[in-house]
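A closer look at the structure
Single-letter residue listing:
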Amino acid sequence: MLAPTAVLLFGLFIFPLLWSLGLSFYRYSALRPQQAPRFVGFENYAWLLTDLSIWQRFIATGVLVAGSVGLQFLIGVSLAFLLYREFKGRKIVLSILIAPMMMAPVAAGAFFKLIYDPSFGVLTYVTKTLFGVQVGWLEKPAPAMLGVIIADTWMWSPFVMLLTLSGLLSAPKHLLEMAQIDRAGRSLTFRYILLPHIKPLMMLAVLLRTMESFKLFDTIWIMTQGGPGDATETLALALYRVGFQYYNTGRASALAYLMLAVVIVLSNFYLRLASRASSPEGET
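Residues numbered from 1 in each chain as written. Predicted model: local features only at pLDDT ≥ 70, side-chain atom pairs only at ≥ 80, totals over all residues. Heavy atoms only, no water.

All right, on to the pattern of salt bridges then. Here the idea is simple: oppositely charged side chains can pair when their charged atoms come close. Scanning the entire structure with this criterion turns up seven salt bridges. Between Asp 152 and Arg 209 there is a salt bridge, with its nearest N and O atoms 3.6 Å apart. A residue pair is termed long-range when its members are at least 10 positions apart, and Asp 152 in helix α7 (residues 141-169) and Arg 209 in helix α9 (residues 185-214) qualify at 57 residues. Across the pair, Arg 209 and Asp 152 agree in class, each one buried. Salt-bridge contacts for Lys 215 lead to Glu 212; the nearest nitrogen and oxygen are separated by 3.4 Å. (Salt bridge = Lys/Arg side-chain N within 4 Å of Asp/Glu carboxyl O. Helix = DSSP H or I, 4+ residues; strand = E, 2+ residues; numbered from the N terminus. Buried < 20%, exposed > 50% of the residue type's maximum accessible area, 1.4 Å probe, protein only.)

The following block contains the structure:
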């Protein structure tokens, strides 16, 4: 009975992975399918590890991941604690806050590209009115990267908020009432009751957002296409250029597996931190 599912899984996931892994050891171009692939061993991986431009893409990707995930964590956790207490209209506020998550990344990129427009952009008008400075957000390297980070943070901070808020709401009510009766205080209540419930979910949010930010493509492509220059060209954009603009399929496959290896290492690192934090030794 599991055979149809196994065949579907193999055809849609496992076979493409194995095929692309094999292509990463060959010199092959999808633009010339009539030419047979030529085995080159680890030449594609050697090119990746020795090409300075690829290392620059690594740095740009690291800046994007650190900036966006860090801001999403701070804003998402802060919003979760603000929405933890009951107040009138909380459901309406929650619905408004999670609206950016429902937007397509392409639409979010186009939306922020208009906001940063130097001629009629809202943010440009605000900075010029308040500070007398017209910032070319997408025309200079540092502001362009900051603009992409702000766009990604605006879109996905509600995701972190929802996971953290679900952990806060799952905390046992009787323990909170006992802590209030014993006058434990907010700091002790947070440390011994709320934090153990939200810590695994916060780690999960950081893990998922790190993986997604690492391969972010849509928003960056719509906003900057990797510019100005190569200031916002991440590994995902480099993979697109190598595979679909230069049609170097072998090198593109090698770059994809290099990205996969980095994501696996980061995932194991986060999971180890999460397991250590949830273990009794980590709490002592």
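Another point: the packing of helix α3 (residues 52-84) against α9. In the contact formed by α3 and α9, the axes pass within 10 Å of each other and the chain directions differ by 145°. The two elements α3 and α9 meet at a crossing, and its hand is right-handed. Of the residues in α9, those in contact with Thr 61, Leu 64, Val 65, Ser 68, Val 69, Gln 72, Phe 73, Val 77, Phe 81 and Tyr 84 of α3 are Phe 190, Leu 194, Ile 198, Met 202, Val 206, Arg 209, Thr 210, Ser 213 and Phe 214. Looking at the contact of α3 with α9, its residues break down into 13 nonpolar, five polar and one charged. (Axes fitted to C-alpha atoms, helices over the stretch in contact; angles between N-to-C directions. Left-handed = near helix turned anticlockwise from the far one by under 90°. Contact = heavy atoms within 4.5 Å. Nonpolar A, V, L, I, M, F, W, Y, C, P; charged D, E, K, R; others polar.)

Next up on the list: the nonpolar core. Formed by 21 residues in total, the largest nonpolar core has its most connected members in Trp 47, Leu 48, Ile 54, Phe 58, Phe 214, Leu 235 and Leu 255. In terms of residues, this core owes the most to one element, helix α12 (residues 249-278), which gives eight residues. Apart from residues lying up to four places away in sequence, Trp 47 is in contact with Ile 54, Val 242 and Arg 251. With 19 residues, the next largest nonpolar core counts Leu 165, Ala 179, Ile 193 and Ile 198 among its residues. (Core = buried A, V, L, I, M, F, W, Y, C linked by side-chain atoms within 4.5 Å.)

Once that is clear, we can look at the packing of aromatic side chains. One pass over the structure, following the stated rule, counts 19 aromatic pairs. A ring pair is formed by Phe 25 and Tyr 45, whose centres lie 5.5 Å apart and whose planes are at 45°; its orientation type is tilted. Placement of the pair is Phe 25 in the loop between α1 (3-23) and β1 (26-27) and Tyr 45 in helix α2 (residues 43-50), with a sequence separation of 20 residues. On the basis of relative accessibility, which here comes to 17%, the residue Tyr 45 falls in the buried class. Ring geometry for Tyr 116 versus Trp 137: centroids 5.4 Å apart, planes at 25°, classification stacked. With Tyr 116 in the loop between α5 (105-115) and α6 (122-131) and Trp 137 in the loop between α6 and α7, this residue pair connects regions lying 21 residues apart in the sequence. Classification of Tyr 116 as buried rests on a relative accessible area of 2%. Taken together, the ring pairs in this structure connect Phe 111, Phe 112, Tyr 116, Trp 137 and Trp 154 into an aromatic cluster. (Phe/Tyr/Trp six-rings, centres within 6.5 Å; stacked < 30°, edge-to-face > 60°.)

With that settled, consider α2. Buried within α2 are the following residues: Asn 44, Tyr 45, Trp 47 and Leu 48. Down the axis of α2, the buried set is contained in an arc of 155°. They therefore lie on one face. (Arc of directions from axis to C-beta.)

Another point: unusual backbone geometry. Gly 227 connects to Pro 228 through a cis peptide bond whose omega is -5°. Positioned with a positive phi, Gln 225 is a non-glycine residue whose angle comes to about 55°. Within the secondary structure, Gln 225 sits in the loop between α10 (218-223) and α11 (235-245). Phi angles above zero are rare outside glycine, and Tyr 247 is one such case at about 55°. The partly exposed category is assigned to Tyr 247, whose relative accessible area is 32%.

With 21 residues, α1 extends 28 Å from end C-alpha to end C-alpha; this agrees with the ideal 30 Å at 1.5 Å per step. Of all the bends in α1, the greatest measures close to 45° and is centred on Phe 10. (Expected span 1.5 Å × (residues − 1). Bend = angle between axes of the 7 residues up to and from the residue.)

What follows concerns the side chain of Thr 210. As for its placement among the helices and strands, Thr 210 is situated in helix α9. Judged by its relative accessible area of 4%, Thr 210 is buried. Setting aside residues no more than four positions away along its own chain, Thr 210 makes contact with Val 65, Val 69, Leu 266 and Tyr 270.

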